[in-house]
Amino acid sequence: MATLSLDEEVRLFTNNAEREKYNLLGTLYGIIVALDYLERAYVRDAITAAQYSPACTRLLSQYMTMLKLVKDSVPSIEQFMTRYRMDNPAALHRIRVGVPATVEHSSEAGPETGKWIAETTQNFITFMDALKLRLRAKDQLHPILQELVTGYARFKGSKDWEGRSKMVNWLITLNSMKASEEITEEQSRQLSFDVEHAYAEFFRSLSGGKERS
């Protein structure tokens, strides 16, 4: 009769598919915990709106991505949190709302402008992720950048933002290229720098209370 050793490691999985499933569930768990900490930090004024908004949007985006990957194991986020005894009400509320608190409780922006903020933030993240994934061809980058610039231009005062003119210049550069032509590594680094600068400038303008259309 086999004996059970108390020192023996208990495995949650017996094959690679199960291991991947538990890794994904662990990542989802971590995202929820991180989001809860972020919400609490923002409520306590431990971080500024300019720091909170992009971090929250990124976590929400990561959450949506993970949820698609574990949909067969997670019927609902409430069931997941109950199953793993998670007590993170701030994160659950933010997940249900789907946008950062700065958008949810904005006193200056109407519903439509709040939607623009969320969409523009997501477009920034999508484009920066594309560059990190080493997408370099015109036909890969141009549609994403075009959508970003279009959304960015909706905001009153954006014509005076330094980031807007730089992104328009990059659109012009990509427009002059053939569809299969790729930007160089040096261009990619500069483009990443310019977009990250525009991203930070965008959130500074929002947290600074500039008037928006």
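As the structure is a computational prediction, the values presented were derived from the model and not from experiment. Throughout, residues of each chain are indexed from 1 in the direction in which the sequence is written. A pLDDT threshold of at least 70 governs which residues receive local features in this predicted model, and a stricter bar of 80 or more applies before side-chain atom pairs are shown or counted, although totals over entire chains, interfaces and linings include all residues. In computing side-chain values, all of the structure's heavy atoms are included and hydrogens and water are not.

Quick look at the nonpolar core now. Nonpolar cores are built from buried Ala, Val, Leu, Ile, Met, Phe, Trp, Tyr and Cys residues. Side-chain atoms within 4.5 Å join them into one set. The rule is simple: take the accessible area with a 1.4 Å probe, protein chains only, and divide by the maximum for that residue type; under 20% is buried, over 50% is exposed, in between is partly exposed. Residues Phe124, Phe127, Leu145, Met167 and Phe202 are the most contacted members of the largest nonpolar core, which totals 28 residues. Contributions of two or more residues to this core are made by helix H6 (111-132), helix H7 (138-152), helix H8 (162-175) and helix H9 (185-207). Broken down by element, the residue count for this core peaks at eight residues, all from H6. Here a residue-residue contact requires only that any non-hydrogen atoms of the pair lie within 4.5 Å. Ignoring anything within four residues of it in the chain, the contact list for Leu145 reads Phe127, Met167, Trp170, Leu171 and Leu174. Core analysis: the next-biggest nonpolar cluster, separate from the first, contains 23 residues, Ile32, Leu38, Tyr52 and Val70 among them. Numbering of helices and strands starts at the N terminus; helices are DSSP runs of H or I of at least 4 residues and strands are runs of E of at least 2.

Once that is clear, we can look at H8. By this rule, a helix spans an expected 1.5 Å times one less than how many residues it contains. The terminal C-alpha atoms of H8, which comprises 14 residues, lie 20 Å apart, in line with the 20 Å expected from a rise of 1.5 Å per residue. Burial in H8 covers these residues: Gly163, Met167, Trp170, Leu171 and Leu174. Viewed along the axis of H8, the buried residues span an arc of 105°, placing them on a single side of the element. Here the arc refers to the directions that run from the helix axis out to each C-beta atom.

The salt bridge definition used is simple: a Lys or Arg side-chain nitrogen within 4 Å of an Asp or Glu carboxyl oxygen. With the rule as written, the count across this model stands at eight salt bridges. Linking Glu39 and Arg94 is a salt bridge whose minimum nitrogen-to-oxygen distance equals 3.1 Å. Highlighted residues: Glu39 in helix H1 (residues 16-43) and Arg94 in helix H4 (residues 89-97), separated in sequence by 55 residues. Across the pair, exposure class does not vary: Glu39 and Arg94 are buried alike. One salt bridge connects Lys166 with Asp194, and the closest N-O pair in it is separated by 3.9 Å. Taken together, the positions of Lys166 in helix H8 and Asp194 in helix H9 put the pair 28 residues apart, joining distant regions of the chain. Because the salt bridges share partners, they merge into one network encompassing Arg134, Arg136 and Glu185.

Glancing now at the packing of aromatic side chains. Side-chain rings of Phe, Tyr and Trp (the six-membered ring for Trp) are treated as a pair once their centres are within 6.5 Å; stacked means planes under 30 degrees apart, edge-to-face means over 60, and tilted covers the remaining angles. Evaluation of the coordinates by the stated rule reveals 12 aromatic pairs. On the basis of an interplanar angle of 40° and a centroid distance of 5.0 Å, the ring pair of Phe124 and Tyr199 is categorised as tilted. Of the two residues, Phe124 sits in helix H6 while Tyr199 sits in helix H9, which places them 75 residues apart along the sequence. Residue Phe124 is classed as buried on the basis of its relative accessible area of 0%. The class for Tyr199 is buried, based on a relative accessible area of 11%. Where Tyr152 meets Phe202, the ring centres are 6.0 Å apart and the plane angle is 50°; that geometry is what we call tilted. Here the residue Tyr152 occupies a position in helix H7, and Phe202 occupies one in helix H9, the gap between them amounting to 50 residues. Each member of the pair, Tyr152 as well as Phe202, carries the same accessibility label: buried. Taken together through their ring pairs, the aromatic side chains of Trp116, Phe124, Tyr152, Phe155, Trp161, Tyr199, Phe202 and Phe203 make up a single cluster. A ring is scored as having a charge over it whenever the NZ atom of a lysine or the CZ atom of an arginine sits within 6 Å of its centre and within 35 degrees of its normal. Its end group placed over the ring of Tyr22, Lys21 keeps NZ or CZ at 4.9 Å from the ring centre.

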